Amino acid sequence: MPQTQGRERRLLVNQVKMEDIISLCKRRGFIYQGSDVYGGLSGTWDYGPLGVQLKRNIMQLWWRRFVDERDDIYGVDAAILMNQKVWKASGHVDTFVDPLCEDTVNHRRYRTDHILKDNGIDADGMTMAEMDAAIAEKGIKSPDGNPLSQSRTFNMMFKTQAGAAADVARQSMLFEGGNLAKKVDSSTDIINLDNKTAVQGAILREYMDYVKDDVYGYLVEQERNTVYLRPETAQGIFTNFKNVVDSFYPNLPFGIAQQGKAFRNEIAPRDFVFRSREFEQMEIEYFVMPPDRDGRSHEKGEKHLWEEAFDELLATTHAFLEELGLKPEHIHELDVPPEDRAHYSKKTIDIEYDYPIGREELMGIAYRTDFDLMNIQRVSNKSMEYTVKGTNTKFVPHVIEPSFGVERALMAVLSGAYREDEQNGEKRVYLALPEHLAPVKFAVSPLLKNKPELVEKAREVYAALAKANPGRVMWDDNSNIGKRYRRQDEIGTPHCVVIDFQTLEDDTVTVRERDTTEQRRVDVNELV
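Rules behind the numbers
Residues numbered from 1 in each chain as written. Predicted model: local features only at pLDDT ≥ 70, side-chain atom pairs only at ≥ 80, totals over all residues. Heavy atoms only, no water. Helix = DSSP H or I, 4+ residues; strand = E, 2+ residues; numbered from the N terminus. Buried < 20%, exposed > 50% of the residue type's maximum accessible area, 1.4 Å probe, protein only. Patch = residues over 30% accessible without salt bridge, like charges linked within 9 Å, V, L, I, M, F, W, Y side chains within 5 Å. Areas by Shrake-Rupley, 256 points an atom, 1.4 Å probe, with all protein chains shown as cover. Salt bridge = Lys/Arg side-chain N within 4 Å of Asp/Glu carboxyl O. Phe/Tyr/Trp six-rings, centres within 6.5 Å; stacked < 30°, edge-to-face > 60°.

K.L.:
For this particular structure, what's the right way to read unusual backbone geometry?
P.N.:
Excluding glycine, residues mostly carry a negative phi; peptide bonds, for their part, are mostly trans. In this model, L252 is joined to P253 through a cis peptide bond whose omega is -5°. Assignment of secondary structure puts P253 in the loop between α10 (241-248) and β10 (254-263). The backbone phi angle of F272 is positive, close to 60°, even though this residue is not glycine. Position of F272 relative to the elements: it lies in the loop between β10 and β11 (278-288). Here F272 falls in the buried class, since its relative accessible area comes to 7%. A positive phi is found at N424, a non-glycine position, where the angle reads about 55°. Residue placement: N424 occurs in the loop between β18 (418-423) and β19 (426-431). N424 gets classed as exposed once you look at its relative accessible area, which sits at 64%.

This is the structure:
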């Protein structure tokens, strides 16, 4: 097979378009619209074979860097469904809200801050009243050109019921309500409260009992048995703080990490997987000594222990982002000003990335003080104090939280790796994924699939590579060799291995490299 070194290459586009990435993801089995066969469900996405592997590679790399390779961070996997008191104590029941406005004609609903953003107005720090005033002042309409309603708050937690009690009460309410409706229908006269018949009086008393017993009973059972799909993984870490301390008694500072699903009932999901209703998080709660206990002083030019831990986690985060293949010039730190931070945060750094949709938040690190543990202590009446080993010194630790969204990281990886160039007068699309992230590391092909001796040897090489790289080797003998290369380029396969007639003579194969399209002869044993 001829060598193709030194081919002239030319970039066709300077700006990656989100539509191109979405098209590639569906075409090549990375990401599909959720429930697509039934018309889809907004804000949900299904991951195909390659998407699952890419996401898993990202998550495994994170776990390796932040948990496995450290001796100060412990992993947990908390339940998705938690006692409703968790979300009352954390403030989510009362304050986990977004501003919602509505098209007054077709009643489509939108996030008010997104409406403003789409019209060139930065809504960060605005109150809901200020957002409404800006819409009125600028004469902003809905995307369909209709007037917008006044904004209201909308809680983004998904609510459901645990157990059968609420459903039994609901069925009883519907049954008794149906019987009562039949009796009302049979009494055609309007009930006059001052001059009612005995039958009407009985119906009225029955109705009052129905409201008191069945309707109110249902509402009580519904509230008592309400649970939420967790909107974040962090609270599962905080509720296990005492368990980890009691089981392992780690020295401060130490962290607890978790990866897992979270759910948010977004008003208007958008921007592909960037903002969806079901997603995965990778979070760490890193527990440190409070600044009034660490003996440090800014007046003496000293950093507090929480500041040292914050800086170390921030540096580790940047190293992780570099391993994802993200270019430093596309990564930006935003030191969030006090007026824009959560009320419990004393310092927050948002790390933003230049996505095709614009500069958006990729992840964040926040110094949450003792807000969460103190809330748990207050509501549960159980001590969250940590006792320093060998002393009687007790305190509630402060917390630093690095929080990553898996889908946002994956979208950054895909958009950062997407390339278009020209090869032999034809446009080529490829994903320049780092080798350790690529879903497929090797694609193995016989030069000709109708030659049994080539196929047999190719199967032998494939088996050896698959054993050494489980799940990351693909067999590909469809179409001609050029089309195979293009197909593998699009899914980011770094190495295409071709078994040809020379292989049968000297046990070498042709390895074609994705990024350069260069080809070289490699001994099979060296490859494996």
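Once you've had a look at it, read on.
K.L.:
I'm lost on a nonpolar patch on the surface in this one. Help?
P.N.:
Among the surface-exposed residues, Y207, M208 and V211 lie close enough to one another that they form a single nonpolar patch of about 290 Å² accessible area. Among the secondary structure elements, Y207 is positioned in helix α8 (residues 198-224).

K.L.:
Would you mind showing me how to read the packing of aromatic side chains here?
P.N.:
As enumerated under the stated definition, the model contains 22 aromatic pairs in all. Plain terms: the ring middles of W306 and Y367 are 3.8 Å apart, the flat faces sit at 10° to each other, and that makes the pair stacked. Of this pair, W306 sits in helix α11 (residues 305-323) while Y367 sits in strand β14 (residues 358-369); the two residues are 61 residues apart in sequence, bridging distant segments of the chain. In this structure an aromatic cluster arises from ring pairing among Y74, F238, F241, F248, Y249, F254, F287, Y386 and F395.

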